[in-house]
Amino acid sequence: SRHFFILELYAKGNIVLCDASYNILALLRTHEFAPDIQVKVGHAYPVTHATTITTNSTTMKEGEEEKKTIDEDKAGELKQWALDQVGSKSNTSESTSNKKKKSKDMGVPLKGLLLRPSSNFYHYGPSLVEHCILKADLDPNMGMTATTILEDDQWQTLYTSLSQE
């Protein structure tokens, strides 16, 4: 009987034991790549998703235009997700000390925001997320609040950087 021993060497890492059909028999940590793609015992290991970070692009102009439209839509979704995250933080966290009030006013660092599990980029890990932010000419420690959110073109650049890595 054939088995696969998979080492995930990103984010917190993981060790996964699968059978010949890539059904997960045991693992160190359960997690989700996306809401419908789970890594847990009894599920099939998402080999394609785990090994593919970028989407295939065609060299035809139509394919490039289609990819650009998809990237713009995804960048818009990323911006909306960030607004929801920043808004939910300010609505649910009440400060009791001056230090907490000051950190609340500073907002959530962009890098910290993208490392949240719901971001769909957290599995890249801190180093790669920071690299992508810097590649997009942004500051990883930039405080994100409802009033200091990035412009649409900055989200587009950031999403492109994240999807290319």
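Treat the numbers as computed from the prediction; the structure is a model and nothing was measured.

Undergrad: Got a minute to help me understand the sheet that holds strand β2 (residues 14-19) in this structure?
TA: Adjacent strands of a sheet form backbone hydrogen bonds with each other and so pair up, either parallel or antiparallel. Reading across from one edge, β1-β2-β3 is the order of the 3 strands in this open sheet, with antiparallel pairing throughout. In this open sheet, the two strands that pair with only one neighbour each are β1 (3-8) and β3 (24-27). Averaged over all adjacent pairs, the angle separating strand axes in this sheet is 20 degrees, with direction ignored. The pairing of β1 with β2 spans 6 bridges and is antiparallel. If you follow Glu8 over to β2, its bridge partner there is Asn14.

Undergrad: Teacher, can you tell me more about a nonpolar patch on the surface here?
TA: A cluster of nonpolar residues, Phe5, Leu7, Leu9, Ile15, Leu17, Leu25 and Leu28, forms a patch on the protein surface that exposes about 720 Å² of accessible area. Those elements that provide at least two residues to the nonpolar patch are β1 and β2. Note on placement: Leu17 falls in strand β2. Looking at Leu17, the relative accessible area reads 33%, which means it is partly exposed.

Undergrad: Any chance you could explain the environment of Gly107 here in plain terms?
TA: Among the secondary structure elements, Gly107 is positioned in the loop between α3 (98-106) and β6 (108-109). The class of Gly107 is buried, set by a relative accessible area of 14%. As a C-alpha pair, Gly107 and Val86 span 21 residues in sequence and 7.5 Å in three-dimensional space.

Undergrad: Whenever I open this one, the nonpolar core confuses me. Can you help?
TA: Soluble globular proteins tend to bury their nonpolar side chains together. Core analysis: the largest hydrophobic core is formed by 23 residues, its most contacted members being Leu78, Leu110, Leu114, Met144, Trp155, Leu158 and Leu162. Broken down by secondary-structure element, the contributors of at least two residues to this core are α2 (61-92), α4 (110-114), α5 (126-135) and α6 (152-164). Per element, the largest residue contribution to this core is 5 residues, and it comes from α2. Contact partners of Leu158, with chain neighbours within four places excluded, come to Leu110, Leu114, Cys132, Ile133, Ala136, Leu138 and Leu150. Ile24, Leu27, Phe33 and Val39 belong to the second largest nonpolar core, which has 9 residues in total.

Each value, and the rule that gives it
Within every chain, residues take consecutive numbers counted from 1 along the sequence as written. Local features in this predicted model are restricted to residues of pLDDT 70 or higher, and side-chain atom pairs are both shown and tallied only at a pLDDT of 80 or more, whereas totals for entire chains, interfaces and linings draw on every residue. With hydrogens and water excluded, all non-hydrogen atoms of the structure serve as input to the side-chain values. Only strands joined by at least two bridges in the DSSP assignment are considered to pair. Every helix listed is a DSSP run of H or I at least four residues long, and every strand listed is a run of E at least two residues long, numbered separately from the N terminus. For every element, the axis is a line fit to its C-alpha atoms; helices are fit only across the contacting stretch, and the angle between N-to-C directions ranges from 0 to 180 degrees. Here the term patch refers to residues with relative accessible area over 30% and no salt bridge, with like charges joined within 9 Å and nonpolar side chains (Val, Leu, Ile, Met, Phe, Trp, Tyr) within 5 Å. Computed by Shrake-Rupley with a 1.4 Å probe, the accessible areas treat only the displayed protein chains as cover when residues are assessed. Salt bridges are identified by distance alone: a Lys or Arg side-chain nitrogen within 4 Å of an Asp or Glu carboxyl oxygen. Only protein chains enter the accessibility calculation, which uses a 1.4 Å probe. A residue is then buried if its area is under 20% of the maximum for its type, exposed if over 50%, and partly exposed in between. Take the buried Ala, Val, Leu, Ile, Met, Phe, Trp, Tyr and Cys residues and link them wherever side-chain atoms come within 4.5 Å; each set so joined is a nonpolar core. Pairs of residues are marked as contacts when any of their non-hydrogen atoms sit within 4.5 Å.

Geometric descriptors of this kind do not, in isolation, establish any biological role.
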